[in-house]
Amino acid sequence: MRFYAVAVYGFLYLPIAIIALFSFSAGRSASSMDGFSTGWYVRALSNPFVMEALWTSLKVAFFSAVLATVSGTMAALALTGMKGRLRAIFDVLVMIAVMIPGVVIGIAALIALATAFSAINPWLEVVLGRQLSMGLGTLIGLHGMFTMSLVVLLVRGRLETFDRAQIEASNDLGASPLGTFLQVTLPQIAPAILAGFLLAFTFSFDDFIMAFFVAGSETTLPIYIFSSIRRGVTPEINAIGTMVMVASLTLLIIAQILLRTGTLRAKG
Amino acid sequence: MAITQARARALLLTPAGLWYAALLLFPLAVVLIFSFGERNPIGGYAPGFTLEQYANLPARFAAFRNTLTLAPLGTVAALLIAYPLAYYLAIKVSVRWKTTLLILVIVPFWTSILIRSYAWIYLLGGNGIPALLEAFGLGELRLINTPFAVLVGIVYGYLPLMVFPIYVALEKLDKSLLEAASDLGAPPWRSFLQITLPMSMPGVMTGSMLVFILLTGEFLIPAILGGGKVFFVGNALVDLFLQSRNWAFGSAVAVALIVIMLIVVALYTRAVRRFGVRRDDVGLM
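Nothing here was measured: the structure is a model prediction, and the numbers come from that model.

Cut-offs applied
- Position numbers for residues count from 1 along each chain, tracking the sequence in the order it is written.
- Throughout, the order in which chains and ligands are written sets their labels, letters from A for the former and numbers from 1 for the latter.
- In keeping with the predicted nature of the model, local features appear solely for residues at pLDDT of at least 70, side-chain atom pairs appear and are counted solely at 80 or more, and the whole-chain, interface and lining totals rest on all residues.
- The basis for every side-chain value is the complete set of non-hydrogen atoms in the structure, without hydrogens or water.
- The patches described consist of residues with a relative accessible area above 30% and no salt bridge, like charges being joined within 9 Å and nonpolar side chains (Val, Leu, Ile, Met, Phe, Trp, Tyr) within 5 Å.
- Shrake-Rupley sampling with a 1.4 Å probe provides the accessible areas, and residues are treated as covered by the protein chains on show and by no other component.
- Any Lys or Arg side-chain nitrogen located within 4 Å of an Asp or Glu carboxyl oxygen qualifies as a salt bridge.
- We count a stretch as a helix when DSSP gives it H or I for four or more residues in a row; a strand needs E for two or more, and each element gets its number in order from the N terminus.
- Take the buried Ala, Val, Leu, Ile, Met, Phe, Trp, Tyr and Cys residues and link them wherever side-chain atoms come within 4.5 Å; each set so joined is a nonpolar core.
- A 1.4 Å probe rolled over the protein chains alone gives each residue an accessible area, and that area as a share of the maximum for its type sets the label: buried under 20%, exposed over 50%, partly exposed in between.
- One number per residue, pLDDT, summarises how confident the predictor is, and it ranges from 0 to 100.
- Axis geometry follows a simple rule: fit a line to the C-alpha atoms, using only the stretch in contact for helices, then measure angles between N-to-C directions, giving values from 0 to 180 degrees.
- Oblique is the label for any angle not under 35 degrees, not over 145, and not in the 65 to 115 range, which are roughly parallel, roughly antiparallel and roughly perpendicular in turn.
- Each crossing gets its hand from how the near helix is turned against the far one by less than a right angle, where anticlockwise is left-handed and clockwise is right-handed.
- Contacts are assigned to residue pairs with any non-hydrogen atoms lying within 4.5 Å of each other.
- Lys, Arg, Asp and Glu make up the charged group, whereas Ala, Val, Leu, Ile, Met, Phe, Trp, Tyr, Cys and Pro make up the nonpolar group; the residues left over, Gly among them, are polar.
- Expected helix span is given by 1.5 Å per residue-to-residue step, counting one fewer step than there are residues.
- Polar contact is defined as a pair of N or O atoms within 3.5 Å, subject to the rule that within protein one atom must be able to donate a hydrogen and the other to accept it, and that residues adjacent in sequence are counted only when both atoms are side-chain atoms.
- Here Asp and Glu are counted as negative and Lys and Arg as positive; His is not counted, and neither are the chain ends.
- Any pair of Phe, Tyr and Trp rings, taking the six-membered ring for Trp, is counted once the centres come within 6.5 Å. Such a pair is stacked with planes under 30 degrees apart, edge-to-face with planes over 60 apart, and tilted for the rest.

Trainee: Would you take a moment to explain a nonpolar patch on the surface for this structure?
Mentor: A grouping of F62, F63, V66 and V70 of chain A is seen on the molecular surface, where their side chains present a nonpolar patch of about 330 Å² in accessible area. With respect to the helices and strands, the residue V66 of chain A is situated in helix α3 (residues 48-79).

Structural data, given as structure tokens:
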């Protein structure tokens, strides 16, 4: 059994290891290891196209994650302990958002927004002298819509496990609803909120498929990587890929630690 | 009090509600409406009400066939690989190593699927496994841009998602049941078939559904490892919307894909109900 486990772990890690290994190759060929060098990292980081795509990705990931965390947490607070039709509607919405494939969400958003934009743009042109188009706004909007659902699931899960008696006690002792929220509820759900933010950020940073449709003339890092792979893998792409993997792993490990300490505190 | 609470809830739900309305419900409604429309000769959509697009679905038969053979195949392969590992982690591994080993399963899943998938271009490409096989005199073999490459890619991509639910189900298993079975003289295979396997069914079902649903909507892995030869419905959608700009037909394909997924979820819910009852039987023993 142990050999089997080792083999499966090998299967899981071999491809990642290969990319990381080849990214340190000194040679030009992407499929052989000729000496050791960090040259491709230097080259990737001084490539203006890569840096611009990275900057776009960071902006989209940050703003979509902030908006998703705020509105997702608000929704989770409202939904906890709620019954009735509105609750059922939101449960279905969250489920649809998570389940419908990214390619369908991306395409649906593309044709819906393109249609809506071409309907309102003539009016906007007259009134504001500006037009709506695909770009940072649509990227942030679509990523945020999806990751908001993840935040709702995480924060609601956390809210459901925590002791409601504490809220009642706080109310009985004369605290205002806001006071109770700030002093009792928020400290307890803070780890889940932060974990939700990190998850949302990482998802947006790694997402290719939704971004592909609504990016307009913008290029995010995954879009850059995808179009580069189509032209052939280079050691430079391996270096970028390795950096992206290390970055998202670091964020997600922090998120996991936050979730875990949150749970421990709740149990203790 | 009750009224203010209801109002507070409505206020808290407003941003999320508007967001879903604008970027989830509105787009999906547009897809549904467009699927009954016609193709604009210059590309895009022309209003209309016709079932022509749905009648035309067989034109993309190959994409549906590939998806509906490789997705179940990938799910089963992932299940067969994941089950023994989940069993090992839940029952055989000591508590000390459990967390570390579990994290090691999920770590690859956290990293970009785009980067993990293109790594297989190396392994399956000319200098990878085929070169190795040739060196051992096993003849020439082309792996990249074949259905096999896509299958490897999807199993690799979604394996962690299968391991976890099965692990959770097996972890809950009361080990005294297994001891009782062996004390009463049941051979190991029998207690596996009659206790462990039925008890882990909820995890198996959940993992299989998750993986299957994600596989039916897959685009990236066939695009990278199938080299345009092995395409899924997701790839057909991209082609229809971005290359041939046939929005009406593309919308019908998207609706068909969602309907297939809904059917799978409905079957899953029914199956869970059935296995839920079975689980209680075991508990009563």
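Trainee: How do you make sense of the nonpolar core when you look at a structure like this?
Mentor: Side chains of nonpolar character tend, in soluble globular proteins, to be buried together. Counting 157 residues, the largest nonpolar core has L89 and L237 of chain B as the members making the most contacts within it. Residue contributions to this core peak at 15 residues, all from helix α12 (residues 247-284) of chain B. V151, L159, F162 and I189 of chain A belong to the second largest nonpolar core, which has eight residues in total.

Trainee: Can you walk me through the environment of R164 of chain A in this structure?
Mentor: Summarising the element assignment, R164 of chain A is placed in helix α7 (residues 164-172). Between the alpha carbons of R164 of chain A and G81 of chain A there is a distance of 9.7 Å; along the sequence they are 83 residues apart.

Trainee: Would you take a moment to explain the confidence of the model for chain B for this structure?
Mentor: Taken over all residues, the pLDDT of chain B has a mean of 88, while the share at 70 or more is 95%. Element-level mean pLDDT values for chain B span from 77 in helix α6 (residues 129-135) of chain B up to 95 in helix α3 (residues 61-92) of chain B.

Trainee: I would appreciate a short explanation of the packing of α3 of chain B against helix α9 (residues 188-216) of chain B in the present structure.
Mentor: The angle between the axes and the distance between the axes are what describe a pair of packed helices. All names here are of chain B. Contact pair α3 / α9: the axes reach a minimum separation of 9 Å and the direction vectors enclose 135 degrees. The angle between α3 and α9 places the two elements in the oblique class. Seen from above, α3 lies across α9 with right-handed handedness. Residue-level contacts link T67, L68, A71, P72, G74, T75, L79, Y83, Y87 and I91 of α3 to F192, T196, L197, S200, V204, S208, V211, F212, L215 and T216 of α9. A per-class count over the contact of α3 with α9 returns 13 nonpolar, seven polar and no charged.

Trainee: Help me out: how do you make sense of α3 of chain A in this one?
Mentor: Each turn of an α-helix holds 3.6 residues, which means side chains three or four residues apart point in the same direction. Residues and elements named next belong to chain A. Spanning 32 residues, α3 covers 45 Å between terminal C-alpha atoms, matching the ideal 46 Å at 1.5 Å per step. At the N-terminal end of α3, a side-chain oxygen is found 2.9 Å from the backbone nitrogen of F49, two or three residues along, and the residue is N47. A positive backbone phi angle near 75 degrees is found at G81, which sits one or two residues after α3.

Trainee: How should I be thinking about the side chain of E218 of chain B in this particular structure?
Mentor: Residues and elements named next belong to chain B. Considering the arrangement of structural elements, one finds E218 in the loop between α9 and α10 (220-225). One buried charged residue, E218, remains without a salt bridge, the closest side chain of opposite sign being R116 at 8.9 Å. A distance of 2.5 Å separates the side chain of E218 from the side chain of Y158, its partner in a polar contact. If we skip the residues at most four places from it in the chain, E218 touches I154, Y158, F232, G234 and N235.

Trainee: Just to check I follow, could you spell out the interface of chain B and chain A for this structure?
Mentor: Interface extent is often summarised as the accessible area lost during association of the parts. Across the contact, 68 residues belong to chain B and 79 residues belong to chain A. For the pair chain B and chain A, the interface holds zero salt bridges. Taken together, the connections running from chain B to chain A amount to eleven residue pairs in polar contact (both at pLDDT 80 or more). For the side of chain B that touches chain A, the secondary-structure elements that each account for two or more residues are α1 (2-34), α3, α4 (95-110), α5 (113-124), α7 (147-172), α10, α11 (233-243) and α12 of chain B. Top contributing element to the side of chain B that touches chain A by residue count: α1 of chain B, with 18 residues. Residues that form the side of chain B that touches chain A fall into these classes: 58 nonpolar, eight polar and two charged.

Trainee: Help me understand the packing of aromatic side chains in this model?
Mentor: Each aromatic ring pair is summarised here by two numbers: the centre-to-centre distance and the angle between the ring planes. Scanning the entire structure with this criterion turns up 24 aromatic pairs over all chains. Relative to F205 of chain A, the ring of F201 of chain A lies with its centre 6.2 Å away and its plane at 15 degrees, an arrangement referred to as stacked. Of this pair, F201 of chain A and F205 of chain A both sit in helix α8 (residues 177-206), four residues apart, which is roughly one turn of that helix. On the basis of relative accessibility, which here comes to 13%, the residue F201 of chain A falls in the buried class. On the numbers, 5.4 Å between centres and 45 degrees between planes, the contact of F36 of chain B with Y54 of chain B is tilted. With F36 of chain B in the loop between α1 and β1 (38-39) and Y54 of chain B in helix α2 (residues 52-55), this residue pair connects regions lying 18 residues apart in the sequence. By way of ring pairs, the aromatic residues F62, F63, F197, F201 and F205 of chain A are connected into one cluster.

Trainee: Would you explain the pattern of salt bridges in this entry?
Mentor: Two side chains that carry opposite charge are able to pair once their charged atoms sit near each other. All told, the structure shown has five salt bridges over all chains when counted by the stated rule. Here R87 of chain A ties to E160 of chain A by a salt bridge, and the two come within 4.0 Å at their closest N and O atoms. With a gap of 73 residues between them, R87 of chain A in helix α4 (residues 85-99) and E160 of chain A in helix α6 (residues 136-161) connect regions that are remote in the sequence. The salt bridge partner of E171 of chain B is K98 of chain B, with a shortest N-O separation of 3.2 Å. With E171 of chain B in helix α7 and K98 of chain B in helix α4, this pair connects stretches of sequence that are 73 residues apart.

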